[in-house]
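Coordinate analysis (summary)
Chain by chain, the residues:
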Amino acid sequence: MQVVGGVLLGLGRCPRLSALALAATLVPTTLAAHRFWEAEDPSDRAQQRIHFFKNMSMLGGLLIAADDTGSAPSLLWRGRHAARDLRHDARLVRRSVRATAGPAAAAGGVRAKLGV
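Time to look at the packing of helix 1 (residues 2-11) against helix 2 (residues 15-33). Two numbers describe how helix 1 lies on helix 2: the axes approach to 8 Å, and their chain directions differ by 145 degrees. In this structure, helix 1 meets helix 2 at a crossing whose hand is left-handed. Of the residues in helix 2, those in contact with Gln2, Gly5, Gly6, Leu8 and Leu9 of helix 1 are Pro15, Ser18, Ala19, Leu22, Thr25, Leu26 and Thr29. Its residues assigned to classes, the contact of helix 1 with helix 2 comprises six nonpolar, six polar and no charged.

The following block contains the structure:
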């Protein structure tokens, strides 16, 4: 999963999803592999601490990448604005139907009186 996520992120394909997937796999890996608080040897503890904080900094970068929209609006924003645009279009259709219903009814009344 990390290889596929890294390749997708590097190629710019589904960057938000791949960054989120990489972040999700990085947390358990870091907690399992770099337990610096359990190391007895001071040099080993220092090495594990370095790797732990390196992974935490990568996690921060991945979370930023997962949140970055690349100047494109988020799905929530797009959904809200699509709904607003649909409501606006529905109001326009309703107004145009009301505006044309009156003359059409009058023409129908005239036809009925003429017997056409």
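Continuing now.
In this section: the nonpolar core. Here is a general trend for soluble globular proteins: nonpolar side chains tend to be buried in one another's company. Ranked by size, the top nonpolar core spans seven residues in total: Ala19, Leu22, Ala23, Leu26, Leu59, Leu62 and Ala66. Contributing elements (two or more residues each) for this core: helix 2 and helix 3 (42-67). Broken down by element, this core gets its largest block of residues, four residues, from helix 2.

Right, let's get into unusual backbone geometry. Note: most peptide bonds trans; most residues except glycine with negative phi. Not every positive phi belongs to a glycine, and Cys14 is a case in point at roughly 50 degrees. Secondary-structure assignment places Cys14 in the loop between helix 1 and helix 2.

Moving on, we come to the packing of aromatic side chains. For the structure shown, the criterion picks out five aromatic pairs. With 5.2 Å between their ring centres and 65 degrees between their planes, Phe36 and Phe52 make a pair best called edge-to-face. Linking Phe36 in the loop between helix 2 and helix 3 with Phe52 in helix 3, this pair joins segments that are 16 residues apart in sequence. Since its relative accessible area comes to 16%, Phe36 is described here as buried. Judged by its relative accessible area of 12%, Phe52 falls in the buried class. Between Phe36 and Phe53 the ring centres are 6.0 Å apart and the planes differ by 40 degrees, which places this aromatic pair in the tilted class. Of this pair, Phe36 sits in the loop between helix 2 and helix 3 while Phe53 sits in helix 3, and the two are 17 residues apart along the sequence. A connected cluster of aromatic rings, assembled from ring pairs, spans Phe36, Trp37, Phe52 and Phe53.

Cut-off values and rules
- Per chain, residue numbering runs from 1 following the sequence as it is written.
- At least 70 in pLDDT is required for a residue's local features to be given in this predicted model, at least 80 for side-chain atom pairs to be given and counted, and no such filter applies to totals for whole chains, interfaces and linings, which use all residues.
- Heavy atoms throughout the structure, all of them, feed into the side-chain values; hydrogens and water do not.
- Axis lines are fitted to C-alpha atoms, over the contacting stretch for helices. Their N-to-C directions set the angle, which ranges from 0 to 180 degrees.
- Segments assigned H or I by DSSP are reported as helices when at least four residues long, segments assigned E as strands when at least two residues long, and all are numbered from the N terminus.
- Helix crossings get a hand from a simple test, with the near helix turned counterclockwise from the far one by less than a right angle marking a left-handed crossing and a clockwise turn marking a right-handed one.
- Pairs of residues are marked as contacts when any of their non-hydrogen atoms sit within 4.5 Å.
- Each residue gets one label: Ala, Val, Leu, Ile, Met, Phe, Trp, Tyr, Cys and Pro are nonpolar, Asp, Glu, Lys and Arg are charged, and the others, such as Gly, are polar.
- For our purposes a nonpolar core is just a set of buried Ala, Val, Leu, Ile, Met, Phe, Trp, Tyr and Cys residues, chained together by side-chain atoms within 4.5 Å.
- Using a 1.4 Å probe on the protein chains alone, a residue whose accessible area is under 20% of its type maximum counts as buried, one over 50% counts as exposed, and one in between counts as partly exposed.
- Ring pairs are drawn from Phe, Tyr and Trp, using the six-membered ring of Trp, whenever the two centres fall within 6.5 Å, and their geometry is named by plane angle: stacked under 30 degrees, edge-to-face over 60, tilted for the rest.

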